[in-house]
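These are the residues of each chain, in order.
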Amino acid sequence: MLFLLLATLLTTLLVWILTRHYYTRKIIDVRKSYESTKDDFLKQLSTSMLERENFETILSSMVEAVIVINAKGRIEHASPNFCQLLELRSRETQGKLYWEVIWNQDISDSIKEALAFKQAVKKEINIIGPQESFFSLQISPVMGREDKLLSLIAVFHDISELKKLEKIRAEFVANVSHELKTPLTAIKGFVETLKVSITDDPEAAVHFLNIMEKQTERLENLVNDLLILSSIESKEVKMKFMAEPLGKIIQSVVSLQKQMIEDKGHQLTIRIPEDLPFVLVDRQRMEQVFMNLLDNAVKFTPQAGKISISAALEKPFVRVEVRDNGVGIPAEHLSRVFERFYRVDKARSRDTAGGTGLGLSIVRQIVVAHQGKIEVESPHAAGSTFRIFLPCQI
C-alpha cells in the first residue's frame, strides 16, 4: 500500500515537473515570439517613421510645390513651397479637403477631374493677384490593386519667369520688325520718287538721296548693334581682360565727345583719384560702355547742363558714376531701361537721340561679361546717375 502511494506521488510529481517544463518552454517560446514580433513592429515603425521623414525632407527640398491628396480628397502631405507659392484659404493643410485650402477654381477643378476619372491632368494655371504668376500643374494618380485610386500627387512648377521671357522675346521680335520696317519703307518711297523726278529736279533728288543715306546708316547701326549684342550674349566675342587705368579710358572717351559737349555748352567734371587701382577690363569694350553712357548724358541734358564722371574704390570693385542733370527717367521706367528697344519716350528717343534702342542693353551685357554690375537711379526724374561696378586689381 505504501509502495502504491509512493508510486502515485512520484507519478504526480513527474507529471507536474514535465507539465511545468512544458508550459515554461511554451511561455518562453511565446515570450520570444512576442519579443520578436515587438522588435519587428518597432523596426517597421522606425522604418515607416524614417521613410516619412525622408519623404518630408524630399518635399521640403523640392523647388516645385507638391501636395498629396488621398482618394477622399483630403490633403495628406504638402511641401513648404506649396504654402509659399500659392495663396491659400488656410495654412493648416493636413487632413483638410483640398477645396477647403485651395481657393483657385482652375486648380480645384483639375483635382476634381483627376479624382473623378482617375487619370493624369496637366494644365497651365494663370493666377491674377497682387502679382501675376503662371504655374504648370501636373496631377498624377497613384493606383492600387483592381484599379483602385490610392492618392493623387499634384506638382506645381512656377513658370512665371519663363512666361516673362517669352513676352520679352515676342516684344523683341515686334520691335526689330518695326525698327527695320520704318527705314526700309522710307528708302523704298524715296527710290520710287527718284525714278520719276531725278532728271526734272536735281536739287530734290540730292535731298532725297541724303535722307536715304541717313536711313541706310540707321539700318546699318541697328544691324551692327544687334550683331554686337548677340555676339556678347552668346560669348562669341573673346574679350581680353587686362589691368587698365580707368582715367585713361575716360579721357579717351571724353576726347571723342568733346565737340558735342562744347556745342551744347555742357559743363563736364571728371573726378578720378590718381591712386585708384587699375580695373580689369577689355579696353575696347569698356570704352564702348562709357561712350554710350556719356553720349546719352549729352543728348538728354538740356543746353548748358552739368555732367560729371567720378570714381571711387569699393572693394573688390571700382565704382564709376556718370551723372547728369538732364530730363531724368520716371520711376516706373527705371527697372526696364536695360531691355532691348525699351524707350522711356519713343518720339524723343528717335527724334532727339537717333539711337537704335539697344545701347543700354549692350552696356549691361558688357558689364555683366566683366563680372561687374550696373545700376541706375533718377530721384524725382531730375537727372540720371548710372553706376557701374568693375573688378579691380587689389
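Residues numbered from 1 in each chain as written. Predicted model: local features only at pLDDT ≥ 70, side-chain atom pairs only at ≥ 80, totals over all residues. Heavy atoms only, no water.

*Asks:* Summarise the nonpolar core; cite the residues concerned and give the values.
*Replies:* Formed by 42 residues in total, the largest nonpolar core has its most connected members in Leu 246 and Phe 290. Ranked by the residues each element gives to this core, the list is headed by helix α8 (residues 283-299), at seven residues. Those residues within four positions of Phe 290 in sequence are excluded, and the remaining contacts are Leu 246, Ile 249, Ile 250, Val 253, Val 320, Val 322, Ile 388 and Leu 390. (Core = buried A, V, L, I, M, F, W, Y, C linked by side-chain atoms within 4.5 Å. Buried < 20%, exposed > 50% of the residue type's maximum accessible area, 1.4 Å probe, protein only. Helix = DSSP H or I, 4+ residues; strand = E, 2+ residues; numbered from the N terminus. Contact = heavy atoms within 4.5 Å.)

*Asks:* Explain the sheet that holds strand β4 (residues 133-143) residue by residue, including any values.
*Replies:* Strand order in the open sheet made by the five strands is β2-β1-β5-β4-β3, with antiparallel pairing throughout. Strand pairing shows two members of the sheet lacking a second neighbour, β2 (75-78) and β3 (121-127), which therefore form its edges. Strand-to-strand twist of the sheet, defined as the mean angle between neighbouring strand axes without regard to direction, takes the value 20°. As paired strands, β3 and β4 are joined by seven bridges and run antiparallel to one another. Note that in β4 the partner of Glu 124 across the bridge is Ser 136. Helix α4 (residues 105-117) rests against β1 (65-70), β3, β4 and β5 (149-158) of the sheet, and its axis sits at about 170° to β3. (Pairing = 2+ DSSP bridges. Axes fitted to C-alpha atoms, helices over the stretch in contact; angles between N-to-C directions.)

*Asks:* Which residues make up empty space enclosed by the protein, and what values do they have?
*Replies:* Summary: where empty space remains is shown by rolling a probe the size of a single water molecule over the atoms. What the rule picks out here adds up to one cavity of 30 Å³ or more. Taken as a whole, the largest cavity spans an internal volume of roughly 30 Å³. Considering only residue class, the lining of the largest cavity consists of six nonpolar, one polar and one charged. (1 Å grid on protein atoms, 1.4 Å probe; cavity = no way out; pocket = protein on both sides within 12 Å on 5 of 7 lines; lining within 4 Å. Points joined across faces, edges and corners; volume = space filled by probe spheres on them. Nonpolar A, V, L, I, M, F, W, Y, C, P; charged D, E, K, R; others polar.)

*Asks:* Which residues make up the packing of aromatic side chains, and what values go with them?
*Replies:* What the rule picks out here adds up to two aromatic pairs. Aromatic side chains Phe 317 and Phe 389 sit 6.2 Å apart centroid to centroid with 75° between the ring planes, which places their arrangement in the edge-to-face category. With Phe 317 in strand β10 (residues 317-324) and Phe 389 in strand β12 (residues 385-391), this pair connects stretches of sequence that are 72 residues apart. Phe 389 shares its class with Phe 317; the two are buried. Note on Phe 338 and Phe 386: the rings are 6.3 Å apart at their centroids and 80° apart in plane angle, and the pair reads as edge-to-face. Of the two residues, Phe 338 sits in the loop between β10 and α9 (346-353) while Phe 386 sits in strand β12, which places them 48 residues apart along the sequence. Comparing Phe 338 with Phe 386 shows no difference in burial state: the two are buried. If you follow Lys 373 out to its NZ or CZ, it ends over the ring of Phe 389, 4.9 Å from the centre. (Phe/Tyr/Trp six-rings, centres within 6.5 Å; stacked < 30°, edge-to-face > 60°. Lys NZ or Arg CZ within 6 Å of the ring centre and 35° of its normal.)

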